[in-house]
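Here are the chains, one letter per residue:
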Amino acid sequence: MAGGGYVLRRAGEKDIQGLVSLLAVLFALEEDFAIDPEKQARGLRMLLSRYDAVILCVEAFGRVVAMCSAQCLVSTAEGGLSALVEDLVVEEAHRGRGFGAMLLAAVETWARGLGASRLQLLADKTNRNALAFYSRMGWAETRMVCRRKS
Ligand SMILES: CC(C)(COP(=O)(O)OP(=O)(O)OC[C@H]1O[C@@H](n2cnc3c(N)ncnc32)[C@H](O)[C@@H]1OP(=O)(O)O)[C@@H](O)C(=O)NCCC(=O)NCCS
């Protein structure tokens, strides 16, 4: 998908550095996650190597300025696949231009193409902008709470 000096496409190995920089912007907002470029590059490469995962990005004037990843899980509730959407971030200077909405729509198309009947995501409960954005995009709140054990 292309237009107005940007292209929305699948990310690849050559984009890793740009994606790591975008994840640093995201993780600076999310207290649950720590910025560690080596770990982030390793995770991105793992996603790139899987058939049931995708990293989409927006390139503007030769630079990656936005990204979103997704991976498929089996859901017993759905009796099928559910896609977990993560790592949605748009570089600050490029926000408000529809890139976030385009990435979410493209990730949804990818997930439906694999047969996923549901998409889900987690957001920092203090990230009011993201929560308002997801509401605007038609994503419903659930009663589930995230727990973690390291
Ligand atoms: C949240 C984020 C991804 C939105 O991306 P974006 O490209 O700026 O959003 P878009 O321009 O695609 O906006 C799409 C719609 O959402 C609305 N929207 C965007 N940000 C909003 C906000 N903070 N509050 C309310 N509505 C918002 C837009 O007005 C637009 O509405 P429209 O359809 O009426 O025109 C971006 O602000 C971002 O990267 N934030 C920092 C990282 C982050 O919090 N990521 C989410 C992690 S869970």
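About the criteria used
- Residues numbered from 1 in each chain as written.
- Predicted model: local features only at pLDDT ≥ 70, side-chain atom pairs only at ≥ 80, totals over all residues.
- Heavy atoms only, no water.
- Helix = DSSP H or I, 4+ residues; strand = E, 2+ residues; numbered from the N terminus.
- Rg over C-alpha atoms; globule rule 2.2 N^0.38 Å.
- Buried < 20%, exposed > 50% of the residue type's maximum accessible area, 1.4 Å probe, protein only.
- Contact = heavy atoms within 4.5 Å.
- Areas by Shrake-Rupley, 256 points an atom, 1.4 Å probe, with all protein chains shown as cover.
- Lys, Arg positive; Asp, Glu negative; His and termini not counted.
- Charge placed at Lys NZ, Arg CZ, Asp CG, Glu CD.
- Near = heavy atom within 4 Å.
- Polar contact = N/O pair within 3.5 Å; in protein donor to acceptor, adjacent residues only side chain to side chain.
- Nonpolar A, V, L, I, M, F, W, Y, C, P; charged D, E, K, R; others polar.
- Core = buried A, V, L, I, M, F, W, Y, C linked by side-chain atoms within 4.5 Å.

Under an unreviewed UniProt entry, the name given to the protein is Acyl-coa n-acyltransferase, and the source organism is Desulfoluna butyratoxydans.

Regarding the overall build of the protein
In terms of regular secondary structure, the protein is built from 4 helices and 6 strands. Counting helices and strands in the order they occur from the N terminus, the protein gives β-β-α-α-β-β-β-α-β-α. The C-alpha radius of gyration of the protein comes to 15 Å, within 12% of the 15 Å expected for a compact globule of 150 residues. Each principal axis of the C-alpha distribution contributes one length, and for the protein these read about 45 × 35 × 30 Å. Buried positions account for 40% of the 150 residues belonging to the protein. Put simply, of all contacts in the protein between residues at least 6 apart along the chain, 59% involve residues at least 24 apart. Accessible surface, the protein as shown: approximately 9,600 Å² in total, 53% of it carbon and sulfur. Charged side chains in the protein number 19 positive and 17 negative. The centres of these two groups are separated by 3 Å.

Structural notes on the site of the ligand
What surrounds the ligand is a group of 23 residues, the closest being Leu88, Val90, Gly98, Ala101 and Asn127. Within the backbone of Val90, an N or O atom sits 2.7 Å from an oxygen atom of the ligand. The contact in question runs from an oxygen atom of the ligand to an N or O atom on the backbone of Gly100, over 2.8 Å. Isolated, the ligand exposes 920 Å² of accessible area, and the fraction of that covered by the protein chains is 74%. Contributing elements (two or more residues each) for the shell around the ligand: helix H1 (16-29), strand E5 (80-90), helix H3 (99-113) and helix H4 (128-136). When residues of the shell around the ligand are assigned to their parent elements, the largest contribution, 6 residues, is made by H4. Per-class residue counts for the shell around the ligand are 14 nonpolar, 5 polar and 4 charged.

Quick look at the nonpolar core
If you look at the biggest cluster of nonpolar residues, it comprises 27 residues, and the most contacted ones within it are Val58, Val85, Phe99, Leu103, Val107 and Leu119. Only strand E3 (53-60), strand E4 (63-75), E5, H3 and H4 provide two or more residues apiece to this core. Ile16, Ala41, Val64 and Met67 belong to the second largest nonpolar core, which has 17 residues in total.

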